[in-house]
There are 2 protein chains.
Amino acid sequence: MARPAPSEARAQESPHSVSCRARDILGRIGDKWSLYVIFVLGEQTLRFTELKRGVEGISQRMLTVTLRGLERDGIVSRTVYPVVPPRVEYSLTPMGRTLLDTVGTLVRWADDHVERIQHARTAYDAREA
Amino acid sequence: MARPAPSEARAQESPHSVSCRARDILGRIGDKWSLYVIFVLGEQTLRFTELKRGVEGISQRMLTVTLRGLERDGIVSRTVYPVVPPRVEYSLTPMGRTLLDTVGTLVRWADDHVERIQHARTAYDAREA
DNA sequence: CGGAATCCGATCTGATACTG
DNA sequence: CAGTATCAGATCGGATTCCG
C-alpha cells in the first residue's frame, strides 16, 4: 500500500497551492450532505433507512446519490445481504474514519456558530438594504 | 458578546442531530471554493486579484460570489480603500480564523488522498462496467 | 427495504461585455 | 483594479413512479 509522501513537497513549491484533483475531492467531501452523512455514520454501521432517519431533511434521492459518491471514493463501504426484504448496511471505511475528527469539528463549529452567523447575515443584509 | 453554550445540549437529546440552520452553514463553508479561499487567505490580507491568482482555477465571478457569501456570514472582512484605481483587501475575521485549523486539515487530507481516491474511483467504475 | 428511472423547475456557473 | 450585469448551458435536487 503506497503511503505517498504527504504535503511536504507541496508546501515547498507554493505555500498554499492545491491541485485541481484535490479540489475535486474537496467538492465531494465538502458537500453539505456528505459531511452530514459522514458525521452521522461515525463509527456505526447503519442501514439505508436508519441513515435516512439520522440525516434529517435528506431526500431518498440525495441520500442515494451521496452514498454512491462516497462509496465510489472509498470513504463509505456498502454491504448487501441477499435476503428478502433487502438489507444494506453502510459504514465508514478505514480511510473514511480518518476524516471523522475533522468532519466532527467542522459540524460542531457550524452548530456552535449558528447564532453569530445568523446575526452577521442580518447585519449585512440591513447594511445593503 | 454572547458566547452561547455549545454543543452540550445537542449532544444530550440525540447523539448526532444537526439543526437545519447548521446545515445551511455547512453548505456555505463546505463549498469547494469557500474552503479553498479560506485556506489560501490564511493569516494574510490579500487583494482581489492576488486571491484570484492564489485560488487556482476560480473564475472572477465565483470568487466574487464566494467572497460575498463569506463576508455576509462574518467569516471574511472586506476593506475598500477609496482610491483610483480601487484597492480592496480581504482577510479572515477573528471568527473566520477559528476555522483555519480545521479547513487546513481538510484541504491537506484531500491533497494527501488524491491518489488513493483516484484509485478507488477507477476500481469502482471498473466494477460497474 | 432499498433502491433506479424519469421528469422538470430551480440553481449554479462560465463566458462575455461593460464600468467607476 | 475590482467589480456588476446578462445570458445560455450545465447541474442539482425534489417529487413521483416503478421494481426485485
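Quick caveat, the model's predicted, so the values are computed rather than measured. (Residues numbered from 1 in each chain as written. Chains lettered and ligands numbered in written order. Predicted model: local features only at pLDDT ≥ 70, side-chain atom pairs only at ≥ 80, totals over all residues. Heavy atoms only, no water.)

Some thoughts on the nonpolar core
In a soluble, globular protein the nonpolar side chains are often hidden away together inside. Selection criterion: We call a set of buried residues a nonpolar core when its members are Ala, Val, Leu, Ile, Met, Phe, Trp, Tyr or Cys and they connect through side-chain atoms within 4.5 Å of each other. Whether a residue is buried, partly exposed or exposed follows from its accessible area with a 1.4 Å probe, protein chains only, as a fraction of its type maximum: under 20%, in between, or over 50%, in that order. In this description, contact between two residues means that some pair of their heavy atoms is separated by no more than 4.5 Å.
Judged by nonpolar contacts, the single largest core of 70 residues is most densely connected at Leu 51 and Ile 75 of chain A together with Leu 51 and Ile 75 of chain B. Ignoring any residue separated from it by four or fewer positions in sequence, one finds Ile 75 of chain B in contact with Trp 109 of chain A together with Ile 29, Ile 38, Leu 70, Ser 91, Leu 92, Thr 93, Met 95, Gly 96 and Leu 99 of chain B.

With respect to the protein's contact with DNA strand D
Filter applied, for reference: Only a single heavy atom is needed: when it lies within 4 Å of a molecule or strand, its residue is near that molecule or strand. What qualifies as a polar contact is a pair of N or O atoms within 3.5 Å, subject to a donor-acceptor requirement within protein and to the restriction that residues adjacent in sequence count only when both atoms come from side chains. Secondary structure elements follow DSSP: runs of H or I of four or more residues count as helices, runs of E of two or more count as strands, with numbering from the N terminus.
Of all residues adjacent to DNA strand D, which total 16 residues, the nearest are Ser 59 of chain A together with Thr 49, Gln 60, Arg 78 and Tyr 90 of chain B. If you look at DNA strand D and keep only atoms within 4 Å of the protein, 60% of those are sugar or phosphate atoms. Between DNA strand D and Arg 78 of chain B, the relevant distance is 2.6 Å, taken from a phosphate oxygen to a side-chain nitrogen or oxygen of the residue. Contacts to DNA strand D include Tyr 90 of chain B, whose side-chain N or O atom sits 2.5 Å from a phosphate oxygen. Elements that contribute at least two residues to the surface near DNA strand D include exactly helix H5 (60–72) of chain A together with helix H4 (48–54), helix H5 (60–72) and strand S3 (87–92) of chain B.

A word on the protein's contact with DNA strand C
Close contacts around DNA strand C come from 16 residues, with Thr 49, Gln 60, Arg 78 and Tyr 90 of chain A together with Arg 61 of chain B the closest. Here DNA strand C approaches the protein such that, of its atoms within 4 Å, sugar and phosphate make up 58%. For DNA strand C, a phosphate oxygen lies 3.1 Å from a polar atom in the side chain of Arg 68 of chain A. Ser 59 of chain B places a polar side-chain atom, nitrogen or oxygen, 2.8 Å from a phosphate oxygen of DNA strand C. Of all the elements in the fold, those that place two or more residues in the surface near DNA strand C are helix H4 (48–54), H5 and strand S3 (87–92) of chain A together with H5 of chain B.

A short note on the UniProt feature "domain: HTH hxlR-type" (unreviewed entry) in chain A
Filter applied, for reference: UniProt positions are given in the numbering used here, feature names are shortened, and annotations may be inferred rather than shown by experiment.
Under the local residue numbering, the UniProt record ascribes the feature "domain: HTH hxlR-type" (unreviewed entry) to residues 20–118 of chain A. Taken end to end, residues 20–118 of chain A is 64% helix and 15% strand, and its first and last C-alpha atoms sit 32 Å apart.

Let's talk about unusual backbone geometry
Looking along the chain, the bond that leaves Val 84 of chain A and enters Pro 85 of chain A is cis, with omega of 0 degrees. Assignment of secondary structure puts Pro 85 of chain A in the loop between strand S2 (76–81) and S3.

Focus on the packing of helix H2 (residues 20–30) of chain A against helix H8 (residues 114–128) of chain B
We count it as follows: Under this scheme, a helix contributes an axis fitted over its contacting stretch, all axes are lines through C-alpha atoms, and angles between N-to-C directions fall in the 0 to 180 degree range. The labels follow the angle: roughly parallel below 35 degrees, roughly antiparallel above 145, roughly perpendicular from 65 to 115, and oblique for the rest. When residue character is reported, Ala, Val, Leu, Ile, Met, Phe, Trp, Tyr, Cys and Pro are called nonpolar, Asp, Glu, Lys and Arg charged, and the others, Gly included, polar.
Running from N to C, H2 of chain A and H8 of chain B cross one another at 70 degrees; their axes reach a closest spacing of 10 Å. In terms of orientation, H2 of chain A lies roughly perpendicular with respect to H8 of chain B. The residues of H8 of chain B that touch H2 of chain A, namely those facing Arg 21, Ala 22, Asp 24, Ile 25 and Arg 28 of chain A, are Val 114, Ile 117, Gln 118 and Arg 121 of chain B. A per-class count over the contact of H2 of chain A with H8 of chain B returns four nonpolar, one polar and four charged.

Observations regarding the packing of aromatic side chains
Residue and element names in this part refer to chain A. Definition in use: A pair of aromatic rings is counted whenever rings of Phe, Tyr or Trp (Trp by its six-membered ring) have centres within 6.5 Å, and the orientation is called stacked for planes under 30 degrees apart, edge-to-face for over 60 and tilted otherwise.
Scanning all chains against the criterion turns up two aromatic pairs over all chains. Their ring planes at 5 degrees and their centres at 6.1 Å tell us that Trp 33 and Tyr 36 sit as a pair that is stacked. Residue Trp 33 and its partner Tyr 36 are both found in helix H3 (residues 32–41); the two are separated by three residues, about one turn of the helix. Each member of the pair Trp 33 and Tyr 36 is classed as buried.

Comments concerning the sheet that holds strand S1 (residues 45–47) of chain B
All names here are of chain B. To be explicit about the condition: One requirement defines pairing of two strands: DSSP has to find at least two bridges between them.
Reading across from one edge, S1-S3-S2 is the order of the three strands in this open sheet, with antiparallel pairing throughout. In this open sheet, the two strands that pair with only one neighbour each are S1 and strand S2 (76–81). With strand direction ignored, the average angle separating the axes of adjacent strands in the sheet is 30 degrees. By the bridge criterion, three bridges tie S1 to S3 in an arrangement that is antiparallel. By the bridge assignment, Arg 47 is partnered in S3 with Glu 89.

As for the relation of the copies chain B and chain A
Rules: We superpose the copies by least squares over the C-alpha atoms of residues that have a pLDDT of at least 70 in both of them.
Between chain B and chain A, the superposition needs a rotation of 180 degrees and an axial shift of 0.0 Å, giving an RMSD of 0.0 Å. Viewed as a symmetry operation, the transformation between the two copies matches a two-fold axis. No C-alpha of chain B lies nearer the rotation axis than that of Gly 30 of chain B, which sits 2.1 Å from it. When the interface residues of chain B are mapped onto chain A, 100% of them again lie at the interface, so the same face is used by both copies.

Considerations on the interface of chain B and chain A
Worth spelling out the cut-off: Here a salt bridge means any side-chain nitrogen of Lys or Arg lying within 4 Å of a carboxyl oxygen belonging to Asp or Glu.
On the chain A side, the residues contacting the 57 residues of chain B number 58 residues. Put simply, chain B and chain A have six salt bridges between them. As a salt-bridge pair, Arg 72 of chain A and Asp 125 of chain B come within 2.5 Å of each other at their nearest N and O atoms. Where chain B packs against chain A, one counts twelve residue pairs in polar contact (both at pLDDT 80 or more). Listing elements by their share of the side of chain B that touches chain A, those giving two or more residues are helix H2 (20–30), helix H3 (32–41), H5, helix H7 (100–112) and H8 of chain B.

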